[in-house]
Number of protein chains: 2
Amino acid sequence: MIKDSVIALKGISSKLSSIDVDIRNRALLSIEKGLLDNIDYILSENRKDLDSSQGLNNSLYKRLILSRDKIETIISGIQEVRGLKDPLGQVQLKRELDSNLTLTRFSVPIGVIGVIFESRPDALVQISSLFIKSGNCGILKGGKEAIHTNRALFKVIRESLFTVSETLASSLELAESREDIKEILELDQYIDLMIPRGGNELVQYIKNNTKIPVMGHTDGICHLFMSKDGDIDMGLKLTLDSKCQYPAVCNAIETLLVEESIAKEFLPRVKTFLEDNKVELRGCDKTVEIIDINRATEVDWDTEYNDYILSIKIVSDLEDAISFINKHGSGHTDCIVTDNSESWDKFLMNVDSASVFLNASTRFADGNRYGFGAEVGISTNKIHSRGPVGLEGLTIYKYKLIGHGDIVADYASGKKCYSHKDIK
Amino acid sequence: MIKDSVIALKGISSKLSSIDVDIRNRALLSIEKGLLDNIDYILSENRKDLDSSQGLNNSLYKRLILSRDKIETIISGIQEVRGLKDPLGQVQLKRELDSNLTLTRFSVPIGVIGVIFESRPDALVQISSLFIKSGNCGILKGGKEAIHTNRALFKVIRESLFTVSETLASSLELAESREDIKEILELDQYIDLMIPRGGNELVQYIKNNTKIPVMGHTDGICHLFMSKDGDIDMGLKLTLDSKCQYPAVCNAIETLLVEESIAKEFLPRVKTFLEDNKVELRGCDKTVEIIDINRATEVDWDTEYNDYILSIKIVSDLEDAISFINKHGSGHTDCIVTDNSESWDKFLMNVDSASVFLNASTRFADGNRYGFGAEVGISTNKIHSRGPVGLEGLTIYKYKLIGHGDIVADYASGKKCYSHKDIK
């Protein structure tokens, strides 16, 4: 019964926040060592999954494949998490209510978190290492195509944890079946948060079938707005990176917005440039009057293609672009290309998305790129509070990225690398 | 149709974050003036509600009554919110990803929030002022007993806002019927958050009937743990304040835990002291062997009395107390009375509640007392994230209060007053 496991996790969760960061880091180190020592075993289990997944489509199959190199990359991901500052015990507010009566707010783990993730073996390790470092208990359910690999990885992780801390070893559980998920969704008394990763359909299913708070994003419909005050060459470069650097992910753009007054100059170059890169273009009525591409329908504006397809819409001005994004976007990441600081200010404040970029590719919206070491997912949720909720509890944050035409391709290729230096 | 109003709010919400704090503060000032100028009108509308609420129980009826004094207190509450620092645009993270590629995280409003609140007219004004200051759109539904008062207050608020900003005036809407609530709960596409205030039943109903994230607390089952290393006189004083200073609220204690080794010394004094203050005591098996009170049943440990009733449980030690609190508490506020710093550390880290206190009354768990100016509610939720979720997104906070026997009665009576001085 998965229920018994979850109840046990709940019991353990209150003990995790007092496990010293040195022990949590030693536990991560032990996992790194365990994985390194068990590469052959893990690869042989991965082979079983690959053998039974011959029917899988190419990109899914590729994500399932492990190799010695890939495992080493996964291990260096754990090292990175290990190197990060302790997220627990961070003082966020310290206030004297009266002399000798002091209030402090500090960070603690959330508790028990259920994660449902796609069939990529690196996900299990990444999530586990984030949970160990942040003191959260996890109930982990991976895609069924990776079942043998996940079992092997989980076995190695648990055994590695046991050598450091029995409590940490008991803080993670693996769930395997659809029935497990159904049971988990009923356990709102014991689980603090569900994180579904993967398709819109999965997220909607989870939201419709549980009272547990759900953190996840249903869609990644991102926009790039080429304003009349933007540099055309930069606009082309950013459109290409935002669409093509890796189209199958949520932070790739689906729609290009073009300010009407520069459409005749900009669009023919977009057509040449993107069609050279094998992108299918679909345009609004005004767009197809300027360039010869397929006509977009209303459905296109609300579609996450995750593919080499880009819809193009001509907007009359900045306000029109903002309204369009707030109506059709998914609150994920949107970019404006402009040299006009007033336009940028307005775009930044009025576009209601988690990440709002100036002159930079939407593909930067990612935990690794933001310097978080790793991410458990990208949330389009907007809430976050416990305890007395005052003004601060009524706000949420937004990421502002100010670039100068920066693209992810330069970082992916190794031409540039991240400095991740905090600014005081 | 309430749906049309909510869609309109969604449209307005993205504009609110760029309204300057000076304008938001001027809007609050205008509300203060509007209320002051309309006291007679508001009181006459309040009279209508009072006339049709003769059957209401005494404490509910009392909360419904407005007076000139009470309106002036409400106005000073708005002044306090006006005096607070702008919660928007606060930079939480600023990071150079590369030279000339800068990431900043800053606070923005949540968006459109639905609030369902009890029949106390001050709630409508308090919530409205918090929303105006924090740039959130609100759909407000008050208790039906206060319908005329709420309409009058809302009319004054909206007219006052109109003189300053049409956008702000359009950012709040009043809902009135049960049918409105049903419709609102369907609008997860437009509403970012629901905040139900009031009974457990209401909160459960909301959670069971919507996909909108819900922020609220289902119960306020708070504990005070009298440890063997605590000062007995202080324990008595804190028990009394935590239970009796205002029993009808969520931060009052429902259960007193007593460490076994001091039970014989402590319990007889508790009995005398609390029975003198008209508290009915209900004890566990071991307790009733020491003092002559009613026997508690299993139900008692999970009950929020909101009344002059206190259950008492003898626990064998600190660990036993912590387990009991984590099992039966509601994650709201719990206090330990002790002079042993090791016990405090363990209690603080392992009790999984939003507020954990040392030697201070649980009644301090309140937005005003924490220096937040006002509160929209107390959340027992544990989640909060948007954008890429790294380690920090996997943590939530906890409030630590270190006192020396401090009680709220001293502050309520004016004997002491809050300094609310931030400490660097």
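Right, let's walk through the structure included here. (Residues numbered from 1 in each chain as written. Chains lettered and ligands numbered in written order. Predicted model: local features only at pLDDT ≥ 70, side-chain atom pairs only at ≥ 80, totals over all residues. Heavy atoms only, no water.)

**Here we look at the sheet that holds strand 3 (residues 112–116) of chain A**
Residues and elements named next belong to chain A.
Then step 1. Pairing is parallel in the open sheet, where four strands are placed in the order 5-4-3-6. Each edge of the open sheet carries a strand with a single partner, namely strand 5 (172–175) and strand 6 (193–196). Averaged over all pairs of adjacent strands, the angle between strand axes in this sheet comes to 20°, irrespective of strand direction.
Then step 2. By the bridge criterion, five bridges tie strand 3 to strand 4 (residues 137–141) in an arrangement that is parallel. By the bridge assignment, Ile-116 is partnered in strand 4 with Lys-141.
Then step 3. Sheet contacts for helix 10 (residues 200–208): strand 3 and strand 6; angle to strand 6, the most-contacted strand, approximately 160°. (Pairing = 2+ DSSP bridges. Helix = DSSP H or I, 4+ residues; strand = E, 2+ residues; numbered from the N terminus. Axes fitted to C-alpha atoms, helices over the stretch in contact; angles between N-to-C directions. Contact = heavy atoms within 4.5 Å.)

**Brief notes about the packing of helix 2 (residues 21–37) of chain B against helix 6 (residues 121–134) of chain B**
Residues and elements named next belong to chain B.
Then step 1. It is at 9 Å that the axes of helix 2 and helix 6 come closest, and there the two elements cross at 160°. It follows from the interaxial angle that helix 2 and helix 6 lie roughly antiparallel. When helix 2 is examined against helix 6, the residues Arg-24, Asn-25, Ala-27, Leu-28 and Leu-35 are found in contact with a partner set consisting of Val-125, Ser-129, Ile-132 and Lys-133.
Then step 2. Broken down by class, the residue content of the contact of helix 2 with helix 6 amounts to five nonpolar, two polar and two charged. (Parallel < 35°, antiparallel > 145°, perpendicular 65-115°, else oblique. Nonpolar A, V, L, I, M, F, W, Y, C, P; charged D, E, K, R; others polar.)

**Looking at the pattern of salt bridges**
Residues and elements named next belong to chain A.
Then step 1. If you walk through the whole model with that rule in mind, you get 45 salt bridges over all chains.
Then step 2. For Arg-282, the salt bridge identified is with Glu-280, shortest N-O distance 2.7 Å.
Then step 3. Classification of Arg-282 as partly exposed rests on a relative accessible area of 21%.
Then step 4. Its relative accessible area of 30% is what places Glu-280 among the partly exposed residues.
Then step 5. Here the residues in one salt-bridge network are Glu-280, Arg-282 and Asp-300, joined through shared partners. (Salt bridge = Lys/Arg side-chain N within 4 Å of Asp/Glu carboxyl O. Buried < 20%, exposed > 50% of the residue type's maximum accessible area, 1.4 Å probe, protein only.)

**Quick word on the sheet that holds strand 3 (residues 112–116) of chain B**
Residues and elements named next belong to chain B.
Then step 1. The parallel open sheet is built from four strands, whose spatial order is 5-4-3-6. In this open sheet, the two edge strands, each paired with only one partner strand, are strand 5 (172–175) and strand 6 (193–196). Direction aside, the axes of adjacent strands within the sheet are offset by 20° on average.
Then step 2. Pairing of strand 3 with strand 6 involves four bridges; the strand directions are parallel.

**Topic: unusual backbone geometry**
All names here are of chain A.
Then step 1. A positive phi is found at Lys-278, a non-glycine position, where the angle reads about 65°.
Then step 2. The class for Lys-278 is exposed, based on a relative accessible area of 71%.
Then step 3. The phi torsion at Asn-306 lies on the positive side, around 50°, for a residue other than glycine.
Then step 4. Assignment of secondary structure puts Asn-306 in the loop between strand 10 (294–295) and strand 11 (309–315).

**Some thoughts on the state of the cysteines**
Residues and elements named next belong to chain B.
Then step 1. Within the structure shown, the criterion is met by zero disulfides over all chains.
Then step 2. The structure places no disulfide on Cys-284, whose sulfur is separated from the nearest cysteine sulfur, that of Cys-335, by 19 Å.
Then step 3. For Cys-284, a relative accessible area of 7% corresponds to the buried category. (Disulfide = S-S within 2.5 Å.)

**Side note on the environment of Ile-75 of chain A**
Residues and elements named next belong to chain A.
Then step 1. For Ile-75, the position within the fold is in helix 5 (residues 68–83).
Then step 2. A relative accessible area of 7% means that Ile-75 is categorised as buried.
Then step 3. Counting along the chain gives 167 residues from Ile-75 to Ser-242, while the straight-line C-alpha distance between them is 28 Å.
Then step 4. Sequence-distant contacts of Ile-75, that is, excluding residues within four places in its chain, are made with Glu-32, Leu-35 and Leu-36.

**With respect to the packing of aromatic side chains**
Residue and element names in this part refer to chain A.
Then step 1. Per the counting criterion, the structure on display carries four aromatic pairs over all chains.
Then step 2. The interplanar angle of 20° and the centroid separation of 6.4 Å between the aromatic rings of Phe-225 and Phe-347 together place this pair among those described as stacked. Of the two residues, Phe-225 is situated in strand 7 (residues 222–226) and Phe-347 in helix 15 (residues 341–350); the sequence distance between them amounts to 122 residues.
Then step 3. Assessed through its relative accessible area of 0%, Phe-347 is described here as buried.
Then step 4. The aromatic ring of Tyr-205 is capped on one face by Arg-178, whose charged end is 6.0 Å from the ring centroid. (Phe/Tyr/Trp six-rings, centres within 6.5 Å; stacked < 30°, edge-to-face > 60°. Lys NZ or Arg CZ within 6 Å of the ring centre and 35° of its normal.)

**Re the packing of helix 5 of chain A against helix 6 (residues 121–134) of chain A**
Residues and elements named next belong to chain A.
Then step 1. Where helix 5 contacts helix 6, the axes come no closer than 10 Å and their chain directions differ by 15°. The orientation of helix 5 relative to helix 6 falls into the category roughly parallel. Pair helix 5 / helix 6 crosses with right-handed handedness. Contacts between helix 5 and helix 6 pair Ile-74, Ile-78, Val-81 and Arg-82 from the former with Asp-122, Val-125, Ser-129, Leu-130 and Lys-133 from the latter.
Then step 2. Its residues assigned to classes, the contact of helix 5 with helix 6 comprises five nonpolar, one polar and three charged. (Left-handed = near helix turned anticlockwise from the far one by under 90°.)

**Topic: helix 5 (residues 68–83) of chain B**
All names here are of chain B.
Then step 1. Over its 16 residues, helix 5 runs 23 Å from end to end, which matches the ideal 22 Å to within 8%, given 1.5 Å per residue.
Then step 2. Turning to helix 5, its buried residues are Ile-71, Ile-74, Ile-75, Ile-78 and Val-81. Within helix 5, the buried residues cover an arc of 110° as seen down the axis, which keeps them to one side. Opposite the buried face of helix 5, by more than 90 degrees, sit the exposed residues Asp-69, Thr-73 and Gly-83.
Then step 3. Elements that come into contact with the buried residues of helix 5 comprise helix 2, helix 3 (39–51) and helix 6. (Expected span 1.5 Å × (residues − 1). Arc of directions from axis to C-beta.)

The values reported here are purely geometric and, on their own, carry no functional implication.
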